[in-house]
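Geometric and topological summary
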Amino acid sequence: MSEDRRKEIVRHLSEDDLNRLLAESTDEKLTERLIFIKRLYKGATLEDAADDVGRSSGTGTRWARRWNEGGLGLLMPNFGGGRPPKLGEDQRERLLELLRDGQPWKKQEIQHLINEEFDVEFHPVYLSAFLDKLGLSYAIPRTKRPSRAENAEEVLDERVADAFDEEPDDAPHNKRDGDEEKGWVVDEEIRTDGGTVLGFLDTSHPQPWDNSQRLYTVDDPHITRPLVKLDEPAVGFYALNGHSVVSFPEDQTKERICECLEGVREQNPGQRILLVLDNFSSHVCEHTRRRAHQLGISLVFLPVGSPDLNPIEQVWKSLKWEASPLIVESAAEYRALLTELFEQLTTQLSFAASWIDKYLGGYLQKLR
């Protein structure tokens, strides 16, 4: 260690007094601090003295500062009967402000922040419980797109309400200013008087080599897979109260997307369909919006940059997790596997539970 890390230490006690206190000590915390100070008396560096008692150099720096400022009284914090010190209410509020300003954080970074700002050290196990009580979220942060509006949830709430409150004689829900006037007529064979089906549409690209599930192995943690690739995207319709559908079109052009909508209508005859989806170009174009109207499907577009507001995203995540350890021999077999998993998963409303609570409170009676 370099000499510049040696700390000038105030000799509040003689070495004989230190030795006497060490001999009499039955407190582990007191003992390790006295050993630390004794090592500094002997000329050890902060790093070496802290390492001797199993502490980091940062902790050693704080201990040395406390000792120099107030001797043993300041060096020994009040742990309240052996428990780590807890921050007071004002200190917690201050900590939340600091965490909010610098988020997201690693646990080690929060520990360092608490040490530096409040001169308090938590046990790692207690720190997790403390942060949980403080209300912090411990999860993989979702990427927030710059294009996402700050009031995205309010915008979606309004769009869902507009779709549900629409009257039969209102202007076509999917029509926008500037669209051609021709073609905005529901096909004669389409019936929409049997209630309302609500569902979510999205495209994913699962592949047979996707690995998202941790598995136990005895030896080599690998899975040998045939060289299988799925060229087509998977387009899914997750219905809350109707029939869910997954298809594999050649591409995502407006013609193929309209074919997917026709498949949704075929599996859900007799009801008006409210379909929540993103702003992909082939979704928002006039061709798709008009064809959806002809099929009796009202499109509810998510706010830009808000894929997290579409519950089908969680369906895709679970589907990939379920499929990841399974081995298939061909693209056709993989499509069949995805179809089976999609049909099983979309029988669950749990993926949309929070969405239902937020956006469907006053409209549940309108669903068939």
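Refer to the structure printed above.
Below or above, wherever it landed, is the structure these notes cover.

Conventions adopted
Residues numbered from 1 in each chain as written. Predicted model: local features only at pLDDT ≥ 70, side-chain atom pairs only at ≥ 80, totals over all residues. Heavy atoms only, no water. Phe/Tyr/Trp six-rings, centres within 6.5 Å; stacked < 30°, edge-to-face > 60°. Helix = DSSP H or I, 4+ residues; strand = E, 2+ residues; numbered from the N terminus. Buried < 20%, exposed > 50% of the residue type's maximum accessible area, 1.4 Å probe, protein only. Axes fitted to C-alpha atoms, helices over the stretch in contact; angles between N-to-C directions. Parallel < 35°, antiparallel > 145°, perpendicular 65-115°, else oblique. Left-handed = near helix turned anticlockwise from the far one by under 90°. Contact = heavy atoms within 4.5 Å. Nonpolar A, V, L, I, M, F, W, Y, C, P; charged D, E, K, R; others polar. Pairing = 2+ DSSP bridges.

Take the packing of aromatic side chains next. Going through the model one piece at a time under the given rule, you end up with 7 aromatic pairs. Each ring, one from Phe-36 and one from Trp-63, has its centre 5.4 Å from the other, and the planes form 80°; the classification is edge-to-face. Of this pair, Phe-36 sits in helix H2 (residues 28–41) while Trp-63 sits in helix H4 (residues 57–75); the two residues are 27 residues apart in sequence, bridging distant segments of the chain. An identical accessibility class is assigned to Phe-36 and Trp-63; each is buried. Ring geometry for Trp-355 versus Tyr-359: centroids 4.9 Å apart, planes at 50°, classification tilted. With Trp-355 and Tyr-359 both in helix H14 (residues 353–359) and 4 residues apart, the pair spans about one turn of that helix. Three or more aromatic residues link up through ring pairs in this structure, and these residues are Phe-200, Tyr-238, Phe-351, Trp-355 and Tyr-359.

It is worth spelling out the packing of helix H5 (residues 89–102) against helix H6 (residues 107–118) at this point. Running from N to C, H5 and H6 point in directions that differ by 130°, and their axes come no closer than 11 Å. It follows that H5 is oblique to H6 by the angle criterion. The handedness of the crossing between H5 and H6 is right-handed. Residues Gln-91, Arg-94, Leu-95, Leu-98 and Leu-99 of H5 pack against Ile-110, Leu-113, Ile-114, Glu-117 and Phe-118 of H6. Split into classes, the residues belonging to the contact of H5 with H6 amount to 7 nonpolar, 1 polar and 2 charged.

Residues spaced three or four apart along an α-helix point in a common direction, a consequence of the helix completing one turn every 3.6 residues. A large share of helix H11 (residues 286–294) lies buried, amounting to 7 of its 9 residues. Along H11, the positions that sit buried rather than exposed are Thr-288, Arg-289, Arg-290, Arg-291, Ala-292, His-293 and Gln-294. For H11, the secondary structure elements touched by its buried residues are helix H9 (254–267), helix H10 (281–284) and strand E5 (297–301). Just past H11, the residue Gly-296 takes up positive phi, approximately 75°.

Glancing now at unusual backbone geometry. Keep in mind that most residues, glycine aside, have a negative phi and that most peptide bonds are trans. The omega torsion across Gln-103 and Pro-104 is 0°, close enough to zero to call that bond cis. With respect to the secondary-structure elements, Pro-104 resides in the loop between H5 and H6. The phi angle at Asp-119 is positive, at roughly 60°, despite the residue not being glycine. The topology assignment puts Asp-119 in the loop between H6 and helix H7 (124–133).

Strand E2 (residues 234–239) sits mainly inside the fold: 6 of its 6 residues count as buried. Because side chains alternate across E2, one face comprises the buried residues Ala-234, Gly-236 and Tyr-238, and the other comprises Val-235, Phe-237 and Ala-239, equally buried. Where strand E1 (residues 196–204) and E2 come together, 6 bridges link them in antiparallel fashion. Looking at E2, one finds that Ser-204 is bridged to Ala-234. Hairpin connection of E2 to strand E3 (residues 245–247): 5 residues between the antiparallel strands.

Strand residues, when the strand is regular, have side chains that alternate between the two faces of the sheet. Most of E1 sits out of view: 9 of its 9 residues are buried. The alternating pattern of E1 places Thr-196, Leu-198, Phe-200, Asp-202 and Ser-204 and Val-197, Gly-199, Leu-201 and Thr-203 on opposite faces, both of which are buried. Note that E1 and strand E4 (residues 272–277) share 5 bridges and pair parallel. Following the sheet pairing, Leu-198 is matched in E4 by Leu-274.

A separate point is the packing of H2 against H4. At a minimum axis distance of 11 Å, the contact between H2 and H4 shows a crossing angle of 105°. As summarised for this structure, H2 and H4 are arranged roughly perpendicular, according to the angle between their axes. Residues Leu-30, Glu-32, Arg-33, Leu-34, Phe-36, Ile-37, Leu-40 and Tyr-41 of H2 pack against Gly-60, Trp-63, Ala-64, Trp-67, Leu-72 and Leu-75 of H4. Considering only residue class, the contact of H2 with H4 consists of 11 nonpolar, 1 polar and 2 charged.

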